[in-house]
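# Architecture at a glance
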Amino acid sequence: MGANVPGKPHVFLPYIGGVDGYRQICNEVVEQDYLGFEQSGPSASRCNEGVIRFVKPDVQIILGILASMEQPPIETLSPQAAREFMEATAAQQPPGPEVGEIVDGTLPGAAGELNYRLYRPATPGPHPVVVYYHGGGWVLGHESSDDPFCRDLCVRSNAVVVSVNYRHAPESRFPAAVDDAFAALKWIAANADSLGGDPGRLAVAGWSAGGNLAAVVCHLAQTMGGPKISGQVLINPVTDCDFSRPSYSENAEGYILTRALMEWFWDHYCDAADRKDPRASPLRAESLAGLPPALVITAELDPLRDEGNAYAAALEAEGVSVRHILAPGQIHTSLTAVDMVVSCNSIRAEIADALQDFLK
């Protein structure tokens, strides 16, 4: 109430989550034998230590709002209906920060033209270039579906961010997305000058399925003789097809990305016989040695947490320079929810710092 600060006015500070949310937390504390409280009396004292809520408060508010809307699970929809649903949801998001310029264009993919959206900083160039691959389980999304996050990335890192589209499943199954992602990387590297970028400073980044593609193109660039990639940022990446890891059971439901939804994504994207191909599951590559330095971010309450952790550990074991951030209390969609999940702001700043280090 301000009483702990001398001279500060005493005011009533309501819980921002609302009375209903506060009462629910209180009930949970009581049901768990006053978890988080120390109790003392004339004859005895006891302390029931522990974390009352693992989920960050701002994330919990979003989850509560979504639960109250009683929307059908995405995996019960057709791909087209799921895309329409995600477009409607994205329209309600905050727009993210202003950038110097946004340019929409096309580039040659592996089997036809691909759309891209370029974000240019307001500062004088040429700037380093970040090739960004959007999330959406290889089924959903497009070059502007992660627009607020790409804006944030551009401003914080002071780099040109080129978000590229790729063919989606089930219309174009594996390895179509991989082929497009690599074709886009090669074209952007070859045309960095005309995009206002520095061709000698190129990094890749991606979220979720886009993190999968960012990891895979690093492998392809290594085996195909380029382009040279200075660093990779993998945010909640899909790195393996194994559903037996603990995070798939611990976070199977309740945190937007569910086990059932990941099964839906994989079934649309890739035949079972192809899923162990390193272009689908980069964790299964014969060697990770010599790959670009990496920042790998995983979320505590994400089904993909353990495979992302495993990929970071495997890179480090092969001598790759790796920084791994495990975000406590965060879910799969936290990092890209700019101006909604503010508890991730420090991690967004670390992403920008890592990119600036990669692109010196």
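Up top is the structure these notes are about.
A brief look at the structure comes next. What you see is a predicted model, and the numbers here were worked out from it, not measured in a lab. (Residues numbered from 1 in each chain as written. Predicted model: local features only at pLDDT ≥ 70, side-chain atom pairs only at ≥ 80, totals over all residues. Heavy atoms only, no water.)

## Here we look at the side chain of E143
Checked against the element boundaries, E143 lands in the loop between β5 (127–133) and α4 (147–157). Within the buried core, E143 has no salt-bridge partner, and the shortest N-O distance to an opposite charge, that of R117, equals 6.1 Å. Within the structure, the side chain of E143 is placed 3.5 Å from the side chain of N165, a separation counted as a polar contact. (Helix = DSSP H or I, 4+ residues; strand = E, 2+ residues; numbered from the N terminus. Buried < 20%, exposed > 50% of the residue type's maximum accessible area, 1.4 Å probe, protein only. Lys, Arg positive; Asp, Glu negative; His and termini not counted. Salt bridge = Lys/Arg side-chain N within 4 Å of Asp/Glu carboxyl O. Polar contact = N/O pair within 3.5 Å; in protein donor to acceptor, adjacent residues only side chain to side chain.)

## A look at the nonpolar core
In this structure, Y133, V164, L185, V204, M262, W266 and Y269 are the most contacted members of the largest nonpolar core, which totals 64 residues. Per element, the largest residue contribution to this core is nine residues, and it comes from helix α6 (residues 209–223). When neighbours within four sequence positions are excluded, M262 is seen to be in contact with V238, F243, Y248, L257 and L304. (Core = buried A, V, L, I, M, F, W, Y, C linked by side-chain atoms within 4.5 Å. Contact = heavy atoms within 4.5 Å.)

## Quick word on the packing of helix α5 (residues 176–190) against α6
Between α5 and α6, the shortest axis-to-axis distance is 10 Å and the interhelical angle comes to 65°. With respect to their mutual orientation, α5 and α6 come out roughly perpendicular. Handedness of the α5/α6 crossing: right-handed. In this structure, α5 contributes A177, V178, A181, F182 and L185 to the contact, and α6 contributes L213, V216, V217, L220 and A221. Of the residues in the contact of α5 with α6, the class split is 10 nonpolar, no polar and no charged. (Axes fitted to C-alpha atoms, helices over the stretch in contact; angles between N-to-C directions. Parallel < 35°, antiparallel > 145°, perpendicular 65-115°, else oblique. Left-handed = near helix turned anticlockwise from the far one by under 90°. Nonpolar A, V, L, I, M, F, W, Y, C, P; charged D, E, K, R; others polar.)

## Digging into the environment of E316
Relative to the elements of secondary structure, E316 occurs in helix α9 (residues 305–317). Spatially, the C-alpha atom of E316 lies 9.4 Å from that of A294, the residues being 22 residues apart in sequence.

## A word on unusual backbone geometry
With an omega of 10°, the peptide bond between F174 and P175 qualifies as cis. Residue position: P175 is located in the loop between β6 (160–164) and α5. Geometrically, the link from G226 to P227 is a cis peptide bond, its omega value of 5° lying close to zero. Within the secondary structure layout, P227 lies in the loop between α6 and β8 (231–235). Non-glycine residue D33 carries a positive phi angle of around 60°. By secondary structure assignment, the location of D33 is in the loop between α1 (19–31) and β1 (38–40). Overall, the relative accessible area of 41% leaves D33 in the partly exposed class. With a phi angle near 55°, Y34 is a residue other than glycine that sits in the positive phi range. Within the element layout of this structure, Y34 appears in the loop between α1 and β1. Of the residues examined, Y34 reaches a relative accessible area of 35% and is grouped as partly exposed.

## Observations concerning the sheet that holds β6
The mixed open sheet is built from eight strands, whose spatial order is β3-β4-β6-β5-β7-β8-β9-β10. Each edge of the open sheet is held by one strand with a lone partner, namely β3 (101–108) and β10 (322–327). Between one strand axis and the next, the sheet turns by 20° as a mean value, whatever way the strands run. Judged from the six bridges that link them, β5 and strand β7 (residues 197–207) form a sheet pairing that is parallel. Paired with Y133 across the strands is G206, a residue of β7. Along the sheet face, α6 touches β5, β7 and β8 and points at about 135° away from the line of β7. Of the strands in this sheet, β5, β7, β8, β9 (294–299) and β10 touch helix α10 (residues 345–358), which is tilted by about 165° from β9. (Pairing = 2+ DSSP bridges.)

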